[in-house]
Every structure is written in structure tokens, then in C-alpha cells.
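# Fold and geometry: a report
Given next are the chains, with one letter for each unit.
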Amino acid sequence: MTLSNTPIATLGFTKLRGFTLIELMIAVAIIGILVAVGIPQYQNYVARAQVSEALVLASGAKTAAAAYYNTTGSYPANNKAAGLPEDPKDINGKYVDSVEITAGDGIMSVNVGISSDAHTKIAGGILELEATTHGGSISWTCYGDANYDPDITSYLPSSCTEH
């Protein structure tokens, strides 16, 4: 028996095959679809994470305002009255420009200005936290201020209630 007449499979070798062009095109299409869905979701995640920084920075103002209310029985008129830096821009973060306490007509708000360095979907927006008293305790409602562009309401955490 000569090697030239013997089939390759009988010699212990198998013929190697690569991927066909259509198989590679299907794989590229699947990856493209996953990327097309994944990138917008990631951008929403980034925007939500940056809004959560605003809530963290606002928590100091909420605590100061609650302490002022518990001591005096009224809301602080501004940051200075609550014992915070007078200039709202002194309370800032990587994605937050300012934290400001305002009060009037029995309503107190903590307004958090989102920095221009933040994600384009929330940059320049305002996060507002409004205080409500309940027999000595204070609850907070947070929402995006629709008077500012952009409205960041869709990027607020689920813990924020409807206004």
C-alpha cells in the first residue's frame, strides 16, 4: 500500500476546517447588536451614578437643616443659618457645582446644581429635595427641577418619590 492511495483519515489525521465567511459575519452582527444595546445602557448607568453623588452631597445639607428645625422649630433661610458654608458653590464635588438651602412660605428646599463636567444628559440640571414635616420629623421628596434643561428626573434613584 502506498501513501498516495491511502485516505488521510486512515493515517490518523483529520482535515482541519476554519470558519466560513457567513459564520464570521453572523458573529460580528451579534456583537454589533450587543454593543448597540449596551452602550446606551452604560451611559444611563453613568448618569445615574453622577446623580447619586448629588444626593450624597445633599445629605449634609439635609442633616444640617433637620438639626436647625429640631432646635428652632422653623426652617433655616439659607446655608449660613443652617451652619453650612454661606456660598453654595463651596459645597461641591466632581459632578456637583453647588448645594443650596432655600426656604420661604413654609417650604424648605435643598437645591443641588449638577456640574457641566457631568454626563451630557444631566449637565446643568438641578436636583431638588423638598422637606415636609410630620409632627417633629422631616421627610424629603426629591425630584428633578423641570424648569431647568436638562430635566434629570429619569436619572433619579428609585428612592426618590414623585413630586
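So, a few notes on the structure that sits alongside this text.

### Concerning the overall build of the chain
What the chain contains, in helices and strands, is one helix and four strands. Scanning the chain from its N terminus toward the C terminus, one meets helices and strands in the order α-β-β-β-β. Relative to all contacts within the chain whose residues are 6 or more apart in sequence, the contacts with residues 24 or more apart total 41%. A total accessible area of about 10400 Å² is found for the chain, and carbon and sulfur atoms account for 59% of it.

### Let's talk about the sheet that holds strand S4 (residues 137-144)
In spatial order, the strands read S1-S2-S3-S4; together these four strands make up an open sheet with antiparallel pairing. Of all the strands in the sheet, the pair left with one neighbour each is strand S1 (96-104) and S4. Neighbouring strand axes in the sheet, compared pairwise and without regard to direction, differ in orientation by 20° on average. Here S1 runs beside strand S2 (residues 107-114); their pairing, made up of eight bridges, is antiparallel. Its bridge partner lying in S2, alanine 103 is registered against methionine 108. Packing against the sheet, helix H1 (residues 21-72) makes contact with S1, S2, strand S3 (126-134) and S4, and its axis sits at approximately 30° to S1.

### Considering the pairing of S3
Sheet topology places S2 next to S3; five bridges connect them, and they run antiparallel. Residue glycine 113 lies in a different strand from S3, and its bridge partner there is isoleucine 126. Bridge count for S3 against S4 is eight bridges, and the pairing is antiparallel. Across the sheet, residue alanine 131 finds its bridge partner in S4, namely tryptophan 140. Once S3 ends, the chain turns through two residues before running back antiparallel as S4, passing glycine 135 with a positive phi of about 60°.

### Regarding the environment of tyrosine 75
Following the sequence through the fold, tyrosine 75 ends up in the loop between H1 and S1. Separated by 26 residues in sequence, tyrosine 75 and isoleucine 101 have C-alpha atoms that sit 9.5 Å apart. In this view, tyrosine 75 contacts Tyr68, Tyr69, Ala103, Gly106, Ile107, Met108, Ala131, Thr132, Thr133 and Ile138; residues no more than four positions away in its chain are not counted.

Procedures and definitions
- Residue numbering note: each chain is counted from 1, following its sequence as written.
- Residues qualify for local features only when their pLDDT is at least 70, as the model is predicted, and side-chain atom pairs are given and counted only at 80 or more; totals for whole chains, interfaces and linings, by contrast, use all residues.
- Values reported for side chains reflect all heavy atoms of the structure, with hydrogen atoms and water molecules removed beforehand.
- Put simply, DSSP H or I for four residues or longer makes a helix, DSSP E for two residues or longer makes a strand, and each gets a number counted from the N terminus.
- Residues count as neighbours in contact if any of their non-hydrogen atoms are within 4.5 Å of one another.
- Per-residue and other accessible areas follow the Shrake-Rupley method at a 1.4 Å probe size, with only the shown protein chains counted as cover for residues.
- Two strands qualify as a pair provided DSSP detects at least 2 bridges between them.
- Interaxial angles span 0 to 180 degrees and are taken between N-to-C directions of axes, which are lines fitted to C-alpha atoms, for helices over the stretch in contact.

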